[in-house]
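Remarks on the overall topology
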Amino acid sequence: MRNLDFTSWHSLLTTLLGLALITLIGMGIRLLMMVTIQQRRERMNRQINERLRTLIAAYKVLGGSFTGTLTVDPTHLRQLRREGPPAETPDASAEGATGSDRARRIRDAVEAALSDIILLGTEEQVRLAEHAARELVAGRPVHTHELVVSLRAFIREALDLDPIPADVQVPMQGPARPSGSGSRDKDNRGKDGAGRGGGMGMGGAMGVGMGVGLGVGSVEEGPASSSHS
């Protein structure tokens, strides 16, 4: 305040302009800092949301089943072909082929989920996923329950949810079993649509042909009847 000069209008105006300039510079620095912090916060939120979305999808794949076979079969189709088909009835062989295809789809989905966890998981989850991947490479069946428990605890904590009570005993979880009913329904709908389309095409063609034939016949009969008259 000692440097402020209010003795004349010129000095007063200069002082006010200086104060306004300093205030504007301070506000500009503050706005720039706020925008920078906001952008950084939004980028972190997007990263966290993407990470949670990926880990939740991996959790559903690795722990989507409570019954049936809760292990991942690492056997590849080429190994089954190398071993040769067992001597079974045709129905049993067809059921075995369906089971091997389902096991292959489960294994592929689990491998993709393990890859995502190794990329975006915590240190504990990365270690568990790496161990499961090594077990798959070695050709040994893999249990995913321990990794599912770690994912479940991390996701609930990240979403600010209460932990699961200690008296609640969640059954052992395993990889989700893919269902092929959707593709079969689509195939059936496609076949029905093709059949209906073919029937309508044939009916339309027959109707057009009959109409053209009747028209030609009436044209030919017209001059003949006029000549007789």
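Just so it is clear, the structure is predicted and the values come from calculations on it, not from any experiment.

1. What to know about the overall build of the chain
- Of the regular secondary structure elements, the chain holds 6 helices and 2 strands.
- Starting at the N terminus and ending at the C terminus, the chain contains elements arranged as α-β-α-α-α-β-α-α.
- When burial is assessed residue by residue, the chain has 17% of its 229 residues classed as buried.
- By sequence separation, contacts in the chain at least 24 residues apart represent 79% of the contacts at least 6 residues apart.
- Approximately 17200 Å² of the chain is accessible, and the part contributed by carbon and sulfur atoms is 60%.

2. What to know about the pattern of salt bridges
- Scanning all chains against the criterion turns up 9 salt bridges.
- Close ionic contact of D101 with R104 constitutes a salt bridge, the shortest N to O distance being 2.6 Å. Here R104 and D101 lie together in helix α3 (residues 90-120), a separation of 3 residues that amounts to about one turn.
- Overall, the relative accessible area of 28% leaves D101 in the partly exposed class.
- In this structure R104 comes out as partly exposed when scored by relative accessible area, which is 30%.
- Residue E111 is joined to R107 by a salt bridge in which the shortest nitrogen-to-oxygen separation is 3.9 Å.

3. Examining the UniProt feature "transmembrane region" (unreviewed entry) in the chain
- Those places that UniProt annotates as "transmembrane region" (unreviewed entry) correspond, in this numbering, to residues 12-37.
- Regarding residues 12-37, the helix share stands at 100% and the strand share at 0%, and the terminal C-alpha atoms are separated by 37 Å.

4. What about the side chain of R107?
- Mapped onto the secondary structure, R107 falls in helix α3.
- Of the polar contacts made by the side chain of R107, one reaches the side chain of D108; its length is 3.5 Å.

5. Things to note about the packing of helix α4 (residues 123-138) against helix α5 (residues 145-158)
- Close contact between α4 and α5 brings their axes to 10 Å; oriented N to C, the two are set at 160°. Classified by the angle between their axes, α4 and α5 sit roughly antiparallel to one another. Here the hand of the crossing between α4 and α5 comes out left-handed. For the pair formed by α4 and α5, the contact residues are E124, Q125, L128 and A129 on the first element and E146, L147, S150, L151 and F154 on the second.

6. Some points on unusual backbone geometry
- A positive phi angle is found at D160, which is not glycine, with a value near 60°.
- Along the polypeptide, D160 turns up in the loop between α5 and α6 (181-228).

7. Description of the packing of helix α1 (residues 9-62) against α5
- The contact between α1 and α5 brings their axes to 10 Å, and the two run at 145°. For the crossing formed where α1 meets α5, the hand is left-handed. Touching R51, L52, L55, I56, A58, Y59 and L62 of α1 are L147, V148, L151, R152, F154, I155 and A158, all from α5.
- Partitioning the contact of α1 with α5 into residue classes produces 12 nonpolar, no polar and 2 charged.

8. Observations regarding the nonpolar core
- Counting residues in hydrophobic clusters, the biggest one holds 18 residues, and the most contacted among them are L62, V110, L114, I117, L147 and L151.
- Listing elements by their share of this core, those giving two or more residues are α1, α3, α4 and α5.
- When residues in this core are grouped by element, the largest group, 5 residues, is from α3.
- The contact partners of L114, leaving out residues within four places of it in the chain, are L62, A129, A132, A133, L136 and L147.

9. Some remarks on α1
- Over its 54 residues, α1 runs 78 Å from end to end, which matches the ideal 80 Å to within 8%, given 1.5 Å per residue.
- Where α1 is concerned, the buried positions are S11, T15, L52, T54, L55, A58 and L62.

10. Structural notes on a nonpolar patch on the surface
- On the surface, L21, I25, I29, M33 and I37 cluster together into a nonpolar patch covering about 490 Å² of accessible area.
- In this structure, M33 sits in helix α1.

11. Some points on the environment of G68
- Relative to the elements of secondary structure, G68 occurs in the loop between α1 and β1 (71-72).
- Here G68 falls in the exposed class, since its relative accessible area comes to 64%.
- Here the alpha-carbon distance between G68 and R177, two residues 109 residues apart in the chain, equals 9.1 Å.

Calculation rules
Residues numbered from 1 in each chain as written. Predicted model: local features only at pLDDT ≥ 70, side-chain atom pairs only at ≥ 80, totals over all residues. Heavy atoms only, no water. Helix = DSSP H or I, 4+ residues; strand = E, 2+ residues; numbered from the N terminus. Buried < 20%, exposed > 50% of the residue type's maximum accessible area, 1.4 Å probe, protein only. Contact = heavy atoms within 4.5 Å. Areas by Shrake-Rupley, 256 points an atom, 1.4 Å probe, with all protein chains shown as cover. Salt bridge = Lys/Arg side-chain N within 4 Å of Asp/Glu carboxyl O. UniProt positions renumbered as here; feature names shortened; annotations may be inferred. Polar contact = N/O pair within 3.5 Å; in protein donor to acceptor, adjacent residues only side chain to side chain. Axes fitted to C-alpha atoms, helices over the stretch in contact; angles between N-to-C directions. Parallel < 35°, antiparallel > 145°, perpendicular 65-115°, else oblique. Left-handed = near helix turned anticlockwise from the far one by under 90°. Nonpolar A, V, L, I, M, F, W, Y, C, P; charged D, E, K, R; others polar. Core = buried A, V, L, I, M, F, W, Y, C linked by side-chain atoms within 4.5 Å. Expected span 1.5 Å × (residues − 1). Patch = residues over 30% accessible without salt bridge, like charges linked within 9 Å, V, L, I, M, F, W, Y side chains within 5 Å.

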